[in-house]
Amino acid sequence: MKKELVVIGNGMAGAAAIEEILKFSASLYNITVFGREKHTNYNRVLLTDVLSGKKTLKDITLNTPEWYKERGIKLLTGCGIEKINRAKRVVIAKDGTETKYDKLILATGSTAIMPQIKGAEKGGVFSFRDVEDCEKIRSAIDDCKRAVVIGGGLIGLEVAKGLLSMGIRVTVVHLMDRLMERQLDSVAALY
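The structure contained in this document is the topic of the report that follows. (Residues numbered from 1 in each chain as written. Predicted model: local features only at pLDDT ≥ 70, side-chain atom pairs only at ≥ 80, totals over all residues. Heavy atoms only, no water.)

## Description of the pairing of strand S2 (residues 29–35)
Regular strands place their side chains on alternate faces of the sheet. For S2, a buried count of six out of seven residues is recorded, marking the element as mostly surrounded by other parts of the structure. Note on the crossover from strand S1 (residues 3–8) through helix H1 (residues 12–25) to S2: the handedness is right-handed. In this structure, S2 lies alongside strand S3 (residues 74–77), joined through four bridges in parallel fashion. Bridged to Gly35 within S3 is Thr77. (Buried < 20%, exposed > 50% of the residue type's maximum accessible area, 1.4 Å probe, protein only. Helix = DSSP H or I, 4+ residues; strand = E, 2+ residues; numbered from the N terminus. Right-handed = clockwise from strand over helix to strand, strands pointing away. Pairing = 2+ DSSP bridges.)

## As for the nonpolar core
Core analysis: the biggest nonpolar cluster contains 19 residues, and Leu47, Leu51, Phe128, Ile137, Leu163 and Ile168 have the highest contact counts within it. Elements with a contribution of two residues or more to this core: helix H2 (47–52), strand S8 (125–128), helix H5 (131–140), strand S9 (146–150) and helix H6 (154–165). Counting residues in hydrophobic clusters, the runner-up holds 11 residues, among them Leu5, Ile18, Tyr29 and Ile31. (Core = buried A, V, L, I, M, F, W, Y, C linked by side-chain atoms within 4.5 Å.)

## Overview of the pattern of salt bridges
In this structure the tally under the stated criterion is four salt bridges. Residue Glu20 pairs with Lys23 through a salt bridge whose shortest N-O separation is 2.9 Å. Remark: Lys23 and Glu20 occur in helix H1; sequence separation between them is three residues, near one turn of the helix. For Glu20, a relative accessible area of 38% translates into the label partly exposed. A salt bridge links Glu70 to Arg71; the nearest nitrogen and oxygen atoms lie 3.5 Å apart. (Salt bridge = Lys/Arg side-chain N within 4 Å of Asp/Glu carboxyl O.)

## Comments concerning the packing of aromatic side chains
Applying the stated criterion across every chain, the model contains one aromatic pair. Residues Trp67 and Tyr68 carry aromatic rings whose centres are separated by 5.0 Å and whose planes lie at 85 degrees to one another, so their mutual orientation is edge-to-face. The residues Trp67 and Tyr68 share a single accessibility class, namely buried. (Phe/Tyr/Trp six-rings, centres within 6.5 Å; stacked < 30°, edge-to-face > 60°.)

## Side note on the sheet that holds S2
Here four strands make up an open sheet; going across it, the order is S3-S2-S1-S7 and the pairing parallel. Single-partner strands in this sheet number two, and they are S3 and strand S7 (103–106). Between one strand axis and the next, the sheet turns through 15 degrees on average, direction left out of account. Here S1 runs beside S7; their pairing, made up of four bridges, is parallel. Paired with Val6 across the two strands is Leu104, which belongs to S7. The sheet contacts of H1 involve S1, S2 and S7, and relative to S2 the element is tilted by about 170 degrees. (Axes fitted to C-alpha atoms, helices over the stretch in contact; angles between N-to-C directions. Contact = heavy atoms within 4.5 Å.)

## Points about the side chain of Asn41
Along the chain, Asn41 falls in the loop between S2 and H2. For Asn41, the side chain forms a polar contact with the side chain of Tyr68, separated by 3.4 Å. When neighbours within four sequence positions are excluded, Asn41 is seen to be in contact with Asn10, Gly11, Ala15, Thr61, Leu62, Asn63 and Tyr68. (Polar contact = N/O pair within 3.5 Å; in protein donor to acceptor, adjacent residues only side chain to side chain.)

## A few points about the environment of Leu46
Looking at where Leu46 falls in the secondary structure, it is placed in the loop between S2 and H2. Taking the C-alpha atoms as reference points, Leu46 and Leu57, 11 residues apart in sequence, are found 9.4 Å from one another. Once residues lying within four places of it in the same chain are set aside, the contact partners of Leu46 are Lys55 and Ile60.

## Side note on H5
Among the residues of H5, Val131, Glu132, Asp133, Cys134 and Ile137 are the ones counted as buried. Measuring from the side-chain oxygen of the N-cap residue of H5 to the backbone nitrogen of Glu132 gives 3.2 Å; that N-cap residue is Asp130.

Put into structure tokens, the structure is as follows:
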């Protein structure tokens, strides 16, 4: 009898874990995947190309809904997990749905931290973490001539590159005395 495997997180790490499990023990598990985003998994490294319009979500998608279906994987997109009851071995989704598990993989990734800067709540300030962030930035960029990117790590420099490629003058502000010191999610302010 197959065991129940639940994967919380449908990003690159969650997908890689599933692919490895399928390679070596596909017959051991019924797999259910919960993804907070409404999309299937995609290559976040290429988000700059989505921001600049060089690529679309389809271009950077790693596994299509058909890929999951062909492998008998139950994929729940746009469905975050609210609670894990370890005693009952159950995950509880935000809509209250409970799913039992024998094995559980947590591959939840990270969340952008918005700095507590006065005026940031007024608009024109965006995180850069996922496809939805790219869409928000692109929809606000029409009248933009300058941008400030807070964070000179990999993600900050990537968003700066994307904005530069769109003809926007970019200033990068970084906490440390050199770039790439820390890898934190970044924030872009358009004005």
